[in-house]
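Per-entry structural report
One letter stands for each residue in the lines below.
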Amino acid sequence: MSMFGDLVGKLTGKEGGAALMSVVTALIERAGGLQALLGLLEKNGLGAQIASWVGQGANQPVSGGQLGQALEQGGLGSVIRDHASQLGLGEGALNDQLAKLLPEAVNHLTPDGDAAVGKVDLGGLGALAGKLFG
């Protein structure tokens, strides 16, 4: 299998899905909660995307580059670097996968369009991982 194929399998398999969810959880926790993470991303250029992820309509896409830049500018680049290293991936590859997953995770965590910290159950990410990665 090619190196790219190995990477895709690693990131989209059940084990890879759990690893990606752990990165999402780490970002939320390091930011100080979901609301804080979304505020940080909004402040760093992803306002339209964030509004769509929390809102009731379709999720606007974000590229891995856009997400990585917003996280870096918001002081969360070290979370990406640490997890990329642990997973044996490049930061760009991890950001690309997170760009696909984060909109779904935020959508899942804000079913009523509300990102209030007290209403967010991070345990629900495990169920999402199972649904997305089988």
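1. Concerning the overall build of the protein chain
In terms of regular secondary structure, the protein chain is built from seven helices and zero strands. Starting at the N terminus and walking to the C terminus, you meet the elements of the protein chain as α-α-α-α-α-α-α. Looking at the protein chain as a whole, 44% of its 134 residues are labelled buried. Pairs at least 24 apart in sequence give 70% of the contacts found in the protein chain among residues at least 6 apart. Counting only carbon and sulfur atoms, one obtains 53% of the accessible surface of the protein chain, whose full area is about 6600 Å².

2. Quick word on the side chain of His 83
With respect to the helices and strands, His 83 occurs in helix α5 (residues 77-87). Take His 83: its relative accessible area is 15%, and that puts it in the buried class. Aside from chain neighbours lying at most four places away, what touches His 83 is Ser 22, Val 23, Ala 26 and Leu 94.

3. Considerations on the pattern of salt bridges
With the rule as written, the count across this model stands at one salt bridge. The closest approach of N and O atoms between Arg 81 and Glu 72, which form a salt bridge, is 2.8 Å. Classification of Arg 81 as partly exposed rests on a relative accessible area of 34%.

4. Here's the deal with the nonpolar core
Ranked by size, the top nonpolar core spans 35 residues in total, and within it Leu 27, Leu 41, Leu 67, Leu 71, Leu 94 and Leu 98 carry the most contacts. Of all elements in the fold, only α2 (14-31), α3 (34-54), α4 (64-73), α5 and α6 (91-109) reach the threshold of two or more residues within this core. In this structure, Leu 94 is in contact with Leu 20, Val 23, Ile 80, His 83, Ala 84, Leu 87 and Leu 89, ignoring residues within four places of it in sequence.

5. Brief notes about the side chain of Gln 49
Counting through the fold element by element, Gln 49 comes out in helix α3. When its relative accessible area of 9% is taken as the criterion, Gln 49 is described as buried. With near-sequence residues (within four places) excluded, Gln 49 lies in contact with Gln 60, Pro 61, Val 62 and Gln 66.

6. Brief notes about the environment of Asp 112
Among the secondary structure elements, Asp 112 is positioned in the loop between α6 and α7 (124-133). Distance in space between the C-alpha atoms of Asp 112 and Gly 55 is 7.8 Å, their sequence separation being 57 residues.

7. Concerning the confidence of the model for the protein chain
Mean pLDDT over the protein chain: 80, with 72% of residues reaching 70 or higher. Mean pLDDT values for the elements of the protein chain range from 38 in helix α1 (residues 3-12) up to 97 in α4.

8. A closer look at α4
Listing the buried residues of α4 in full gives Gly 64, Leu 67, Gly 68, Ala 70 and Leu 71. With its buried residues spanning 165° around the axis, α4 presents them on a single face. Phi for Gly 75, located one or two positions after α4, is positive at around 85°.

9. Description of the packing of α3 against α6
Their axes nearest at 12 Å, the elements α3 and α6 cross at an angle of 100°. Relative to α6, α3 is oriented roughly perpendicular. The segment α3 lies against α6, with Leu 34, Leu 38, Leu 41, Trp 53 and Val 54 engaging Leu 102, Pro 103, Val 106, Asn 107 and Leu 109. Residue classes in the contact of α3 with α6 are distributed as nine nonpolar, one polar and no charged.

The rules we used
- Per chain, residues are indexed from 1 in the order of the written sequence.
- Residue-level local features of this predicted model are given only where pLDDT is at least 70; pairs of side-chain atoms are given and counted only at 80 or more, and the full residue set underlies all totals for whole chains, interfaces and linings.
- Just so you know, side-chain values use all the structure's heavy atoms and leave hydrogens and water out.
- The secondary structure listing takes helices from DSSP runs of H or I that are at least 4 residues long and strands from runs of E that are at least 2 residues long, numbered from the N terminus.
- Throughout this description, buried means an accessible area under 20% of the type-specific maximum (1.4 Å probe, protein chains only), exposed means over 50%, and partly exposed covers the range between.
- The contact definition used throughout considers only heavy atoms, calling two residues in contact when any of these lie within 4.5 Å.
- The accessible surface values rely on the Shrake-Rupley method and a 1.4 Å probe; as for residues, cover is taken only from the protein chains in view.
- One speaks of a salt bridge when a side-chain nitrogen belonging to Lys or Arg is within 4 Å of a carboxyl oxygen belonging to Asp or Glu.
- Throughout this description, the term nonpolar core refers to a set of buried Ala, Val, Leu, Ile, Met, Phe, Trp, Tyr and Cys residues connected via side-chain atoms within 4.5 Å.
- Residue-level confidence of the predictor is summarised by pLDDT, bounded by 0 at the bottom and 100 at the top.
- Arc definition: directions from the helix axis to the C-beta atoms.
- To obtain an axis, a line is fitted to C-alpha atoms, over the contacting stretch when the element is a helix, and the angle between two such axes runs from 0 to 180 degrees between their N-to-C directions.
- For this classification, under 35 degrees means roughly parallel, over 145 means roughly antiparallel, 65 to 115 means roughly perpendicular, and everything else is oblique.
- Each residue is assigned to one of three groups, with Ala, Val, Leu, Ile, Met, Phe, Trp, Tyr, Cys and Pro labelled nonpolar, Asp, Glu, Lys and Arg labelled charged, and all others, Gly among them, labelled polar.

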